[in-house]
Amino acid sequence: MSVYTRVERPELEAFLASFDAGVLVEYTGISAGIENTNYFVTTDQGRYVLTLFEQLGRDELPFFLELMAHLAEHGVPTAHPLADRDDRYLSALCGKPAALVQRLSGGTVDHPDAAQCAAIGTALARMHLAGQSYPAERANPRGPHWWREAVARVHDRLSADEARRLDEEIGFQFSHRHDALPRGVIHADLFRDNALFEDAKNAVGNGVGSPEGDTRRAGPMEGSSRLTGIIDLYYACTDALLYDVAVTVNDWCATEARELDPERTRALLAAYAAVRPFTPAEHASWPAMLRAAALRFWLSRLVDLHFPRAGELTHTKDPDAFGRLLAAHVRATPALPA
């Protein structure tokens, strides 16, 4: 999340007047992430996250906002959007589509342990099961068709070695089909900065929307703690569930050397499989899917690096992290739990 559109206080106060959210106390921009403009908003009644959508159109946004509500109402720890007085989740601010959602308690984890990875695995499996009853569908906008477009866009800006490796991986991926894999709603971006944890001994309820709760993204937490929320579902789409598992493993279980840590990987996958067991087709597709998930984020970071967007607070991430992880997957991949 970043700040591309500056919101002035009178504009925000007028926006909040259409909600039963209280009187504005303070607000501040959020610099993490890269897609939308986001602010923390505190009123005399609670804490919220305001998002102004910079890329998605108004016709696309109901899928995400209604999905967030659906998951929250089915026991998945996600932030529920607030409806305005006309019972609409989607509004407008500064000429952009905008939404106000509950601000969950807890902070992000920079160096997750095996217990935290297991908690993410359990929550992801429960999200996949809850998503089976969500009626809407949305194609993955960063799927194989986008890979080709992204490679063509950055190809001339890459080193000869990078270009060769990308071409080889694209060829490998298009030689594999995953039509037999279970499909449904996926998060598609469940990185460490899209989950919140709270020290279990200090937790009171789930802290959703609570003024007393810890601040969202208040700072990195270390050691075992309680998962309080999965956030930022604005890449959510309909795709292979196994792809979502691969995206998550590639971030939560990666070491500084950009290889998968065996203990954390086993913990996440075993916890997921205890809720939704993997099918034989998923076992067969796992090595290629791990590579596909690494390729997707290597490409998106290359695009962001070579074609940056202007913003007041922006954050560009290192593409090489996923380039090296993909190379590690080419050498070897761990098996799914039996």
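Everything here concerns the structure above.
What this report covers is the structure whose coordinates are included nearby. (Residues numbered from 1 in each chain as written. Predicted model: local features only at pLDDT ≥ 70, side-chain atom pairs only at ≥ 80, totals over all residues. Heavy atoms only, no water.)

**Some remarks on the overall build of the chain**
A tally of helices and strands in the chain yields nine helices and nine strands. Put simply, the chain has 338 residues, and 54% of those count as buried. Accessible area for the chain stands at about 14300 Å²; split by element, carbon and sulfur atoms hold 51% of it. (Helix = DSSP H or I, 4+ residues; strand = E, 2+ residues; numbered from the N terminus. Buried < 20%, exposed > 50% of the residue type's maximum accessible area, 1.4 Å probe, protein only. Areas by Shrake-Rupley, 256 points an atom, 1.4 Å probe, with all protein chains shown as cover.)

**Some details on the pairing of strand β2 (residues 37-43)**
By the criterion of burial, β2 is predominantly enclosed, with seven of the seven residues buried. Both faces of β2 are covered, namely the face carrying T37, Y39, V41 and T43 and the face carrying N38, F40 and T42. With five bridges joining them, strand β1 (residues 24-29) and β2 adopt antiparallel strand pairing. Its bridge partner being in β2, E26 is matched across the sheet by T42. Here six bridges tie β2 to strand β3 (residues 47-52), and the two strands are oriented antiparallel to one another. Residue pairing in the sheet places Y39 in a bridge with L50 of β3. The loop that links β2 with its antiparallel partner β3 comprises three residues. (Pairing = 2+ DSSP bridges.)

**Topic: the nonpolar core**
The biggest cluster of nonpolar side chains holds 58 residues, and the ones touching the most others in it are V249, W252 and W286. Looking at which element gives the most residues to this core, the answer is helix α8 (residues 280-306), with 12 residues. Those residues within four positions of W286 in sequence are excluded, and the remaining contacts are L242, V245, A246, V249, L269, P334, A335 and L336. Counting residues in each nonpolar core, the second largest holds 27 residues, with F64, A99, A130 and I231 among its members. (Core = buried A, V, L, I, M, F, W, Y, C linked by side-chain atoms within 4.5 Å. Contact = heavy atoms within 4.5 Å.)

**A few points about the sheet that holds β2**
Strand order in the open sheet formed by five strands is β1-β2-β3-β5-β4, with antiparallel pairing between adjacent strands. Of all strands in the sheet, those with a lone pairing partner are β1 and β4 (91-93), marking the two edges. Put simply, the sheet's adjacent strands are angled 35 degrees from each other on average, direction ignored. Here helix α1 (residues 9-16) sits on the sheet in contact with β1, β2, β3, β4 and β5 (96-102), set at roughly 120 degrees to β1. (Axes fitted to C-alpha atoms, helices over the stretch in contact; angles between N-to-C directions.)

**A word on helix α9 (residues 320-331)**
Relative to the 16 Å expected for 12 residues at 1.5 Å per residue, α9 spans 17 Å between its end C-alpha atoms, a close match to the ideal helical length. Of all the positions in α9, only A321, F322, G323, L325, L326, A328 and H329 are classed as buried. Each element contacted by the buried residues of α9 is listed here: α5 (160-173), α6 (241-252) and α8. (Expected span 1.5 Å × (residues − 1).)

**Focus on the packing of aromatic side chains**
Per the counting criterion, the structure on display carries 12 aromatic pairs. Relative to F278, the ring of Y272 has its centre 5.1 Å away and its plane inclined at 15 degrees; by these criteria the two rings are stacked. When its relative accessible area of 9% is taken as the criterion, F278 is described as buried. Grouped by ring-pair contacts, the aromatic residues F53, F63, F64, Y134 and Y234 constitute a single cluster. The ring of F307 carries the charged tip of R153 above its face, separated from the ring centre by 4.3 Å. The residue whose ring lies beneath R296 is F297, and the NZ or CZ to ring-centre distance is 3.9 Å. (Phe/Tyr/Trp six-rings, centres within 6.5 Å; stacked < 30°, edge-to-face > 60°. Lys NZ or Arg CZ within 6 Å of the ring centre and 35° of its normal.)

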